[in-house]
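Residues per chain are reported as follows:
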Amino acid sequence: QVQLVESGRGLVQAGDSLRLSCAASGRTFYTAGWFSQAPGKERKFVAGINWYGGTTTYADSVKGRFTISRDNAKNTVYLEMNSLKPEDTAVYYCAVRSGIVVHTTPREYDSWGQGTQVTVSS
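Analysis parameters
- Residues numbered from 1 in each chain as written.
- Predicted model: local features only at pLDDT ≥ 70, side-chain atom pairs only at ≥ 80, totals over all residues.
- Heavy atoms only, no water.
- Helix = DSSP H or I, 4+ residues; strand = E, 2+ residues; numbered from the N terminus.
- Buried < 20%, exposed > 50% of the residue type's maximum accessible area, 1.4 Å probe, protein only.
- Contact = heavy atoms within 4.5 Å.
- Areas by Shrake-Rupley, 256 points an atom, 1.4 Å probe, with all protein chains shown as cover.
- Lys, Arg positive; Asp, Glu negative; His and termini not counted.
- Charge placed at Lys NZ, Arg CZ, Asp CG, Glu CD.
- Disulfide = S-S within 2.5 Å.
- 1 Å grid on protein atoms, 1.4 Å probe; cavity = no way out; pocket = protein on both sides within 12 Å on 5 of 7 lines; lining within 4 Å.
- Points joined across faces, edges and corners; volume = space filled by probe spheres on them.
- Nonpolar A, V, L, I, M, F, W, Y, C, P; charged D, E, K, R; others polar.
- Pairing = 2+ DSSP bridges.
- Axes fitted to C-alpha atoms, helices over the stretch in contact; angles between N-to-C directions.

Participant: How would you summarise the overall build of the chain if you had to cite specific residues and measurements?
Facilitator: When helices and strands are tallied, the chain shows zero helices and eleven strands. Starting at the N terminus, the α and β elements of the chain follow one another as β-β-β-β-β-β-β-β-β-β-β. Its C-alpha atoms put the chain at 40 × 30 × 25 Å along the principal axes. A buried classification covers 42% of the 122 residues belonging to the chain. Put simply, of all contacts in the chain between residues at least 6 apart along the chain, 56% involve residues at least 24 apart. Per element, the accessible surface of the chain, about 6200 Å² overall, is 46% carbon and sulfur. Averaging the positions of the 13 positive and the 10 negative side-chain charges in the chain gives two centres separated by 2 Å.

Spelled out as structure tokens, the structure:
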């Protein structure tokens, strides 16, 4: 099991930026992802990264605005969110999986963080 601790929650205005962090500890993993879940909606993929190769994948809704990155030395994955919109409001979760492929389906991920709230006002 991998333990994941997220930070960076915030209440911001539309157009603002915010950076989320997720510190990992425990067993080895090869892929990390960020998901979002708005009230009453299903959890959806936001971005993912292959831990060692650095290959990234993004949901269409965040391409050009969000950037996922990782710091191997700190075992931490980040989500830099720019040009935030009210529709980005959600609880954001980081997750990891032992496979090397970045999957967009939540069930493919083995371990999850507790979630951090992001609220964007108009």
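From this point, the discussion proceeds with the structure in view.
Participant: Provide a residue-level description of the state of the cysteines, including the pertinent values.
Facilitator: Throughout the structure, instances matching the rule amount to one disulfide. Residue pairing for Cys22: its cysteine sulfur links by disulfide to Cys94, the two sulfurs lying 1.9 Å apart. On the S-S bond that ties Cys22 to Cys94, the torsion sits near 45°, and the link is right-handed. Within this pair, whereas Cys22 is found in strand β3 (residues 18–26), its partner Cys94 is found in strand β9 (residues 90–97), the two being separated by 72 residues in sequence. Owing to a relative accessible area of 2%, Cys22 belongs among the buried residues under this scheme. A relative accessible area of 0% means that Cys94 is categorised as buried.

Participant: Account for the layout of surface pockets, with residues named and values stated.
Facilitator: Each pocket or cavity is described by its volume, and for the largest pocket that value is around 220 Å³. Around the largest pocket sit 18 residues that line it, and Ser36, Lys44, Ser61, Glu87 and Asp88 are the ones nearest its centre. For the lining of the largest pocket, the secondary-structure elements that each account for two or more residues are β4 (31–37), β5 (44–50) and β9. The greatest single-element share of the lining of the largest pocket, amounting to three residues, is contributed by β5. Looking at the lining of the largest pocket residue by residue, the classes come out as seven nonpolar, four polar and seven charged.

Participant: Give me the lowdown on the sheet that holds strand β1 (residues 2–7), citing residues and values where you can.
Facilitator: Spatially, the four strands line up as an open sheet ordered β1-β3-β8-β7, and their pairing is antiparallel. The two strands at the open ends of the sheet, each matched to only one other strand, are β1 and β7 (66–71). Each neighbouring strand pair of the sheet contributes to a mean axis angle of 20°, computed without reference to strand direction.

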